[in-house]
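# Geometric and topological summary
What follows is each chain in one-letter form.
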Amino acid sequence: MSPEQERGAGPLAGVRVVELASVIMAPYAAQQLGDLGADVIKVEPPTGDMTRHLPPQRHSGMGAGALNLNRNKRSVAIDLKAPNGRDALLALIATADVFITNVRPHALARLGLGYDEVAAVNPGLVYANAQGFRSDSALGNHAAYDDIVQAASGLVWLNEQVSGEPYYVPTVLVDKVCGLVIAQSVLAALHHRNATGAGQHVEVPMADTMLAFNLVEHLAAATLDPPEGPIGYPRALSSRRRASRTADGWMCILPYSDRNWRDFFAFVGHPELADDPRFRSLGDRARHADELYELAGQFAARHSNAEWQRFCDSVSIPAAPVLSLTEAATSGYARQGGLLQRAEHPTEGGYHLIGQPVRFSRTPAGLHRHCPRIGQHTEEVLAEIGFHPAS
């Protein structure tokens, strides 16, 4: 890539972000900002972020997952416990617009990297830290990963209501949702800083973020005081809410409006069901979701996937066949949108790049740096800021 390409030209071009983070949540947040053109400097120990070492990998420290999480970043290796380690980091933060970390509060305090100490070096800094629980709570310094917060935020309980088993969602949903919230919050704080000149401390507690996320629809009847029913959105908690077996596969068929259901019932030869008291309105259908989904599942078997898709498209009923993750990622739709692209890493060879799904008409986001090796840019970055270990 040319130097111009490496600098990036997205909407955040000119913004410098220092990332002191590991695993997925905060690195994913910083990756989002890097995709948008920010100069993201990943500060990691000389051994690298632990996620770098997850297999498979062609070379040490360049695990497959890290190739996308650490794209559009420069890597600076600093041992924060070594002489001048903290000084080097603070010198770097002094040049930054944003600092993102998921180091727990007590560890940041031990390192002398709490908000007050860092803001003394750079008052205009947006300082964003994220950890499992609020720092001013009794759980503030408790260890937490995705699975722990799924349990603490009610997500595992929600799964148990449907399946009878308290299982985890089979994706690191908490890390990714919270990573997006970190990025969103940083952008809001940058807007405030640009308007007022004042930096600020932004904290994103994972448990709080996911509880708020889960309550959007599931507060439901408990929204009212006194509550008019139990917590939980009935339609989403129906044990029958699942893909339907068709004549030749599986489909997600989702009539939603009154008109959708009238068209659906007519197509399966039972137009009278549209006037059934159980299914006449949105509220009726929500209260009788189990019965409705049971019937819909029985009717689905009468037609093939292709027949269902043609019918649903003709009357604007949302529908899609059930795809494997591989099928979804390699579909014509995904290929045309560049959602999974082949890229050539200078040391790791060919790899698949996860595309940036958001489209900007004037300042497109995308790849401008491949994932760096551990510490690849240490000398370059420290020279840029004029820091010399002996100084």
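As a convention, each chain's residues are numbered from 1 in the sequence order in which they are written. Where local features are concerned, this predicted model is filtered to residues with pLDDT of at least 70; where side-chain atom pairs are given and counted, the filter is 80 or more; whole-chain, interface and lining totals use all residues. To obtain the side-chain values, all non-hydrogen atoms of the structure were included, while hydrogens and water were left out.

So, on to the sheet that holds strand 7 (residues 244–245). Two strands qualify as a pair provided that DSSP identifies no fewer than 2 bridges between them. Each helix is a run of H or I in the DSSP string that is no shorter than four residues. Each strand is a run of E no shorter than two, and both are numbered from the N terminus. What the three strands build is an open sheet, ordered 7-8-9; its pairing is antiparallel. Both outer strands of the open sheet, strand 7 and strand 9 (319–321), are each paired with one neighbouring strand and no more. Two elements, strand 7 and strand 8 (residues 250–253), share two bridges in a ladder whose sense is antiparallel. Bridging across to strand 8, Arg245 finds its partner in Trp250. Against the sheet, helix 14 (residues 305–314) contacts strand 8 and strand 9, and its axis sits at roughly 15° relative to strand 8. Residue contacts follow a heavy-atom distance rule, with two residues in contact if any of their heavy atoms lie within 4.5 Å. Only the stretch in contact is used when a helix axis is fitted, and all axes are lines through C-alpha atoms; the angle between N-to-C directions ranges over 0 to 180 degrees.

What follows is about the side chain of Arg74. Relative to the helices and strands, Arg74 is located in strand 3 (residues 73–77). Its relative accessible area of 3% is what places Arg74 among the buried residues. Any N or O atom pair separated by 3.5 Å or less is treated as a polar contact, with the protein-specific requirement of one donor-capable and one acceptor-capable atom, and with residues adjacent in sequence counted only for side-chain atom pairs. In this structure the side chain of Arg74 is engaged in a polar contact, spanning 2.7 Å, whose partner is the side chain of Glu384. If we skip the residues at most four places from it in the chain, Arg74 touches Arg16, Asp39, Val40, Ile41, Lys42, Arg369, Pro372, His377, Glu380, Val381 and Glu384. Each residue gets one of three labels from its accessible area relative to the maximum for its type: buried under 20%, exposed over 50%, partly exposed in between, using a 1.4 Å probe on protein chains only.

Time to look at the environment of Val17. Summarising the element assignment, Val17 is placed in strand 1 (residues 16–20). Using a relative accessible area of 1% as the deciding quantity, one classes Val17 as buried. A sequence separation of 190 residues divides Val17 from Ala207, and the C-alpha atoms of the two residues are 25 Å apart. Not counting residues within four places of it along the chain, the set of residues in contact with Val17 comprises Leu33, Ala38, Asp39, Val40, Ile41, Val98 and Ile100.

The strand order across the open sheet built from six strands is 3-2-1-4-5-6, with neighbouring strands paired in parallel fashion. Bordering the open sheet on either side are strand 3 and strand 6 (200–205), each of which pairs with just one other strand. Taken over all neighbouring pairs, the strand axes of this sheet differ in orientation by 20° on average, direction set aside. Examined bridge by bridge, strand 1 and strand 2 (residues 39–44) share four bridges and lie parallel to one another. Within strand 2, the position partnered with Val17 by the bridge is Val40.

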